[in-house]
Amino acid sequence: MEELDVEPAITNIPAASDGKHLGFAWGPGDILAYETIYKPSSGAKGSGCSFIHEVRKDEDIYSPILRKLFNESHHIFVGLQSIKEDLPSKNKKPQFVSISKNYRSVIRACIEELQQVAVSTKDAKVSMQYGNQVSILLAIELIWNLGEVLFIDSAPAGSLLLHLLDWVKLHKVDVDERAREVLQSESPAEHRDYWDVVLSYVLQGRLDESRQMLAKQANLQPASRNMYKLMDTLLSKMPFYNPGGTQTLTEFDVKWRHWHEEVDRCLQDNSFASNQHLEIICKILVGDEDTLLEHKELLGTWYHFLVTRLLFSQPTVQPTQLHYYAQSCMTMFLDPRSVPEPLDNILLAAFEFDIHQVIKECSIALNNWWFVAHLTDLLDHCKLLQSHNVHFGSNLREFLLLEYASGLFTHHSLWQLAVDYFDHCPDFGRVYLELQIERVPLNTERKALKVLRICEQRQMSEQVRSICKIMAMRALKNNRLGSALSWSIRAKDAAFATLISERFLQDYCARGTFSDLDLIDNLGSAMLLSDRLTFLGKYREFHRLYGEKRFSEAAKLLLSLMTAKIAPRSFWMTLLTDALPLLEQKEVIFSANQTYELMFCLEELTSSLSTAAPNTDGSMQDEDIEQTKVELLRLALARNLAMAIVKEGTVAT
C-alpha cells in the first residue's frame, strides 16, 4: 500500500455462524484496506483465503494530469491570500474576478488534456476513467462559472443576462461542431443539420451567425427572398444591452419592447406562415414557451432553456427574480416522473443565491474537496460567508481547507502543497499540520530535510526533535556515525549525542583514526550539548594540534581533559598513551607540576583497576599489555620529571 508508513491497526470481527469473516486495516489519511466476506471451501482446513481490497477516499490525487490541477491551483490560492484586507471591496472585486478566471483556466486546461489522453489511449478501462474525470471537471467548470457570474461578479440587471448567455455558449460547444460540419459540406443549406444549427444559434442569442446561415437558404429560394429579408431585419434589429454605453436600462427596456411587439405583429399577421422553419424562429423570438419546449433536444438542459426564455421574454431580469424563473423552467423542462440530478440541485441553489446550499450539495456530489475548498475560500475573501460557522468552532472556509489539505497529505509529493493550506487556517491549521507532518514517511535524507525545514520555519520544536531522532537512529543502524551525530545535534538530544560520541571513540580505539573529520572539526558550540561530545571535539583538537607540531598546546589540552574530568575514566589509558610521544620529546613539553598531575592520574587509574573485579575471560595477554603500558608510562614520566626539574632549576638560577 502506497505511503503506509506505520503498521496499520487491525480490527478483527469474529466469525459468524455461517462462517463469514470481515476485517478492517486502517492506514494514515483516507486509506482503508479490508478483507471481503468469504467462505472456506468444503473440506478445506484452516481459515482459507480471502481477497484484499484497497480503498481510497480520494483517488484523484493519484492521477498525473489532475496533479497539475492541484499544483496550479495552489499557486493561485497562495496569491489570493496575499490580497490586502484593508483595500475597499470595490477595488478588490476585479482582482477576485480575475482570480476566479484563473481557476477556471486551470480547470479547462486539465479538461482538454484529459480529453486528448482519453481519445489516444488504447486501454478501454483507462479511457473510461479519464472520461469520468472529464465529466466531473465539466460539471465543476459549469458550477464555478455560474458562481463567478452570480456571486463574485454579482452582475446587475441587463448585464446579468449577457453573462448568462456567455455561460451557456461556453458550455454548449456541440453547436459549433455541428455548424462546422454543415459549412464544410458541398451544399450547407441542404445539409440535414442545417435548420438545427440555425435554431441553435437563435436559441443562444447568436443572431449574427444565424443571419449568415439564413442568407445561404435565401439564395436557394428566390421566391421567398422577401420573407427571408423580413426575418433578417427582425434579427438585426433585436436590441442587446450595452453596459458600457450611454443607454439606461429603462431606455433599453422600452426599445426592446417595441422590437418584441414588432415581432409579435409579424407572427399574428402570418408573415411566415408559408415557411415552417421561419415561423418557428419567429415564435422563439417572441419567447413562446411551447415552441421552446418542443426543441428540448437542441436546448439540452433546463438551464439553457432558462437563459433562452429570459433572453426573449425578460432580458432585464433582476438577480432576485432568477430563483422564480429557474424553478419554473426546471419544472417545465424535466420529466415530472424523474428525480433531479445532483447538478440540477446545485445550479438551482445557485440561482436561488443560496451559497451554503451550493457548497453542501457539491460536498456530497463531488468525489474530492478541491472544488468546494477553493470556491469557498474565494467566496470568503469576497465577504460572502461571514455569517456561517460550523459546530466545532472553525468557520466553513477553514473546515473545507483542512479536509482538502489532509487529503493531500496522503500523497507522496502533494503533501508539500498542503502545508500552505494549513498555514492559512488560523484556528486549527497548526494543530492539523503538527499531526499530519508526523505521518510523512521519511524515505530519504533529502525528504527528511524538506520536512525538517518546514518544521523549523514554523518553530515546531517537538516535530523537529522527533524527525532528527528518527533520522539519527536510522543512520546509527546503518553505521553512518557522522550523519547520526549531525541529526542528534540538530535534535539537541544530549543522551543520543553521548551515545554516538561513545561509538566514535570506540571506533578510534579499534582503528586508530577518526571518521567524519570535517564534522568533528567544525562542531563549534554544538560540542557543548553533552560532556562526551565536548570530549570528542577536544580530543580531536588535541590530535590536530599534535599534527601541527604545537606540542605545548597539545600537552596542556590533553592534561585538562583528564584533570577536569571531561574524559571518561575508561579512556584515561588511551590519553596517557597519547602523552608518551610528548614525554619522549628531546625538548621538555610537560612542566614538573604537569608531570606530577599526569603521575597522579596514572596512579588513580591503576589503583581503580587493581580494585576492580578480576578478569573472568582469562585474557592474560591483555593484562600483560596493560601492565607494560603502565611501566612505560611510569618510566617516561620519571624521566620527564627529572628533565623538567633540571630545566626549571636552571631557569630559576
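Quick notes on the rules
- Residues numbered from 1 in each chain as written.
- Predicted model: local features only at pLDDT ≥ 70, side-chain atom pairs only at ≥ 80, totals over all residues.
- Heavy atoms only, no water.
- Helix = DSSP H or I, 4+ residues; strand = E, 2+ residues; numbered from the N terminus.
- Buried < 20%, exposed > 50% of the residue type's maximum accessible area, 1.4 Å probe, protein only.
- Contact = heavy atoms within 4.5 Å.
- Salt bridge = Lys/Arg side-chain N within 4 Å of Asp/Glu carboxyl O.
- Expected span 1.5 Å × (residues − 1).
- Arc of directions from axis to C-beta.
- Axes fitted to C-alpha atoms, helices over the stretch in contact; angles between N-to-C directions.
- Parallel < 35°, antiparallel > 145°, perpendicular 65-115°, else oblique.
- Nonpolar A, V, L, I, M, F, W, Y, C, P; charged D, E, K, R; others polar.
- Core = buried A, V, L, I, M, F, W, Y, C linked by side-chain atoms within 4.5 Å.
- Disulfide = S-S within 2.5 Å.
- Phe/Tyr/Trp six-rings, centres within 6.5 Å; stacked < 30°, edge-to-face > 60°.
- Lys NZ or Arg CZ within 6 Å of the ring centre and 35° of its normal.
- pLDDT = per-residue confidence, 0-100.
- Polar contact = N/O pair within 3.5 Å; in protein donor to acceptor, adjacent residues only side chain to side chain.
- Left-handed = near helix turned anticlockwise from the far one by under 90°.

## Comments concerning the overall build of the protein chain
Along the protein chain, the regular secondary structure elements total 30 helices and four strands. For the protein chain, the residues scored as buried account for 45% of the 653 residues in total. By sequence separation, contacts in the protein chain at least 24 residues apart represent 62% of the contacts at least 6 residues apart.

## Here's the deal with the pattern of salt bridges
Enumeration according to the criterion identifies 27 salt bridges in this entry. Notably, a salt bridge pairs Lys-93 with Asp-153, separated by 4.0 Å at the nearest N-O pair. Of this pair, Lys-93 sits in helix α2 (residues 89-120) while Asp-153 sits in the loop between α3 (124-152) and α4 (159-171), and the two are 60 residues apart along the sequence. Given the relative accessible area of 32%, Lys-93 is considered partly exposed. Arg-550 is the partner of Glu-553 in a salt bridge, and the nearest nitrogen-oxygen pair spans 2.8 Å. On the accessibility criterion, Glu-553 (41% relative accessible area) is partly exposed. What emerges from the salt-bridge pattern is a single network uniting Arg-178, Arg-192, Asp-193 and Asp-196.

## Quick look at the environment of Asn-71
Along the chain, Asn-71 turns up in helix α1 (residues 64-81). Separated by 343 residues in sequence, Asn-71 and Leu-414 place their C-alpha atoms 8.0 Å apart. When sequence neighbours within four positions are dropped, the list of residues in contact with Asn-71 reads Leu-414 and Leu-417.

## Quick word on helix α26 (residues 531-547)
Look at α26: 24 Å from first C-alpha to last across 17 residues, which is about the 24 Å you get at 1.5 Å a residue. Just beyond α26, the residue with positive phi is Lys-549, at close to 60 degrees.

## Some details on helix α16 (residues 355-365)
Along α16, the positions that sit buried rather than exposed are Ile-355, Val-358, Ile-359, Glu-361 and Cys-362. Down the axis of α16, the sector holding all buried residues measures 165 degrees, keeping them to one side.

## Remarks on the side chain of Arg-104
On the secondary structure map, Arg-104 appears in helix α2. Its relative accessible area of 13% is what places Arg-104 among the buried residues.

## Describing the packing of helix α7 (residues 207-220) against helix α8 (residues 225-237)
Running from N to C, α7 and α8 point in directions that differ by 175 degrees, and their axes come no closer than 10 Å. One element, α7, and the other, α8, form an angle in the roughly antiparallel class. Across the interface between the two elements, Leu-207, Ser-210, Arg-211, Leu-214, Gln-217, Ala-218 and Asn-219 of α7 pack against Arg-225, Tyr-228, Met-231, Asp-232, Leu-235 and Ser-236 of α8. Broken down by class, the residue content of the contact of α7 with α8 amounts to six nonpolar, four polar and three charged.

## Some thoughts on the environment of Ile-143
For Ile-143, the location among the structural elements is in helix α3. What Ile-143 contacts, discounting residues up to four positions off in sequence, is Leu-343, Ile-346, Leu-347, Val-358, Cys-362 and Phe-371.

## Some details on unusual backbone geometry
Not every positive phi belongs to a glycine, and Ser-154 is a case in point at roughly 40 degrees. Within the secondary structure, Ser-154 sits in the loop between α3 and α4.

## A word on the nonpolar core
Of all hydrophobic cores here, the largest spans 191 residues; its most connected members are Trp-167, Leu-214, Ile-281, Trp-302, Phe-351, Trp-370 and Phe-371. The residues contacting Leu-214, other than those within four sequence positions of it, are Tyr-194, Trp-195, Val-198, Tyr-228, Met-231, Leu-235, Leu-278 and Ile-281.

## Here we look at the state of the cysteines
One pass over the full model with this rule turns up zero disulfides. Not engaged in a disulfide, the cysteine Cys-468 finds its nearest cysteine sulfur in Cys-455; these two sulfurs lie 9.1 Å apart.

## Regarding the packing of aromatic side chains
Within this structure, the stated rule accounts for 23 aromatic pairs. The interplanar angle of 65 degrees and the centroid separation of 6.0 Å between the aromatic rings of Trp-302 and Phe-351 together place this pair among those described as edge-to-face. Taken together, the residues Trp-302 in helix α13 (residues 302-313) and Phe-351 in helix α15 (residues 342-351) connect sequence positions 49 residues apart. Residue classification places Trp-302 among the buried residues on the basis of a relative accessible area of 1%. Among the aromatic residues, those joined into a cluster by ring pairs are Phe-70, Phe-77, Tyr-404 and Tyr-421. A cation over an aromatic ring shows up here: Lys-296 above the ring of Phe-333, its NZ or CZ 5.2 Å from the ring centre.

## Observations regarding the confidence of the model for the protein chain
Summing up the model confidence of the protein chain, the mean pLDDT is 82 and the portion of residues at 70 or higher is 84%. Mean pLDDT across the secondary structure elements of the protein chain bottoms out at strand β1 (residues 9-13), with 48, and peaks at α13, with 95. Taken as a whole, residues 1-11 scores under 50 in pLDDT and shows 30 contacts with residues more than four places along the chain or in a different chain. Note on residues 38-48: pLDDT under 50 across the span, and eleven contacts to partners over four residues away in sequence or across chains.

## As for the side chain of Arg-397
When you line up the elements, Arg-397 lands in helix α18 (residues 396-408). Here Arg-397 falls in the buried class, since its relative accessible area comes to 8%. Within the local environment of Arg-397, its side chain forms a polar contact with the side chain of Gln-81, the two groups lying 3.3 Å apart.

## Notes on the packing of α26 against helix α27 (residues 551-563)
Where α26 contacts α27, the two axes come as close as 8 Å, and the packing angle between them is 155 degrees. One element, α26, and the other, α27, form an angle in the roughly antiparallel class. Considering the relative orientation of α26 and α27, their crossing is left-handed. Touching Phe-535, Lys-538, Tyr-539, Glu-541, Phe-542, Leu-545 and Tyr-546 of α26 are Phe-551, Glu-553, Ala-554, Leu-557, Leu-558 and Leu-561, all from α27. A class-by-class count of the residues in the contact of α26 with α27 yields ten nonpolar, no polar and three charged.

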